[in-house]
Amino acid sequence: MKHLPNALTLLRLVLAPVVAWFFLEGVAAAMTPGQDVIRRLEFVAYNQTVAAALFIVAALTDLFDGMIARAFNAHSKFGRVIDPIADKAIVGLPLIAIVVAMWLDRSSFWPIAAFATAVIVIRDVSMTLIRLSSPDGEGAPVSSLAKIKTALELIVVGSALGVSALVAHLQVQDSIGETGFVVISSYVEAFEWVWLLALVMTAALSAWTAWQYLRPAKTIP
């Protein structure tokens, strides 16, 4: 049990690029013409579902590694250093993949999503470098507000992956005449607006937590 929290954290770090890869594989397949439509849609649905499922697993490791570390007093400097890095990876890489998909799909929302994502990613990379360059390699403890920020990021990314998987499955059903996807599509458009607002708010919170860390007093709430 002593090493389990760190193992879960490393699993989250490894899953980050895997989630992004499966998601983009599905996006690429959706935009590849000249294939059997149903088989192509099924492949898209499979990849999007795997991406969403692996993201959920990764998000759960963020919950359980801390719980196990506290329960068995298995805290370590390695864990304190790698945990925020894994958190940033499992948010940043899938989020970049989502923005790339929006760009490929010529979504009118992509510039706003790209800017918000840039704020989040640049903030996270900068904070990681600052923490690693501190004398103890850890920097100041992660604030409560920063933890809330991470939770919101996980919700924003997870909801996008989940809805993408759901839409892909509905498209498969619609292709064989078993569902009214046209009706569902209006709800998807509403979700996009809500999701974009949540992403922008999360980016603003991300920037604010960075300012809290960097301001001269360096008071962490």
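Residues numbered from 1 in each chain as written. Predicted model: local features only at pLDDT ≥ 70, side-chain atom pairs only at ≥ 80, totals over all residues. Heavy atoms only, no water.

1. Regarding the pattern of salt bridges
- Following the criterion strictly, the structure yields seven salt bridges and no others.
- Of the charged contacts, one joins Asp65 and Arg12 as a salt bridge, the two residues approaching to 3.2 Å between their closest N and O atoms. Of the two residues, Asp65 sits in helix 2 (residues 37-71) while Arg12 sits in helix 1 (residues 4-30), which places them 53 residues apart along the sequence.
- Using a relative accessible area of 4% as the deciding quantity, one classes Asp65 as buried.
- Between Glu153 and Lys149 there is a salt bridge, with the nearest N and O atoms lying 3.7 Å from each other. One end of the pair is Glu153 and the other is Lys149, both in helix 5 (residues 144-175) and four residues apart, which spans about a single turn. A single burial state applies to Glu153 and to Lys149, both of which are buried.
- Overlapping salt bridges, with partners in common, bring together Arg12, Asp62, Asp65, Asp83 and Asp87 in one network. (Salt bridge = Lys/Arg side-chain N within 4 Å of Asp/Glu carboxyl O. Helix = DSSP H or I, 4+ residues; strand = E, 2+ residues; numbered from the N terminus. Buried < 20%, exposed > 50% of the residue type's maximum accessible area, 1.4 Å probe, protein only.)

2. Digging into the nonpolar core
- In this structure, Phe23, Ile90, Ile98, Leu161, Trp195 and Leu199 are the most contacted members of the largest nonpolar core, which totals 35 residues.
- At the level of elements, helix 1, helix 2, helix 3 (77-104), helix 4 (110-132), helix 5 and helix 6 (181-214) are the ones that each hand at least two residues to this core.
- Here the element with the most residues in this core is helix 3; it accounts for nine residues.
- Non-local contacts of Leu199, meaning those with residues more than four positions away in its chain, are made with Leu95, Ala113, Ala116, Thr117, Ile120 and Val156.
- Formed by six residues, the second largest nonpolar core is a distinct cluster that contains Ala29, Leu41, Val44 and Val172. (Core = buried A, V, L, I, M, F, W, Y, C linked by side-chain atoms within 4.5 Å. Contact = heavy atoms within 4.5 Å.)

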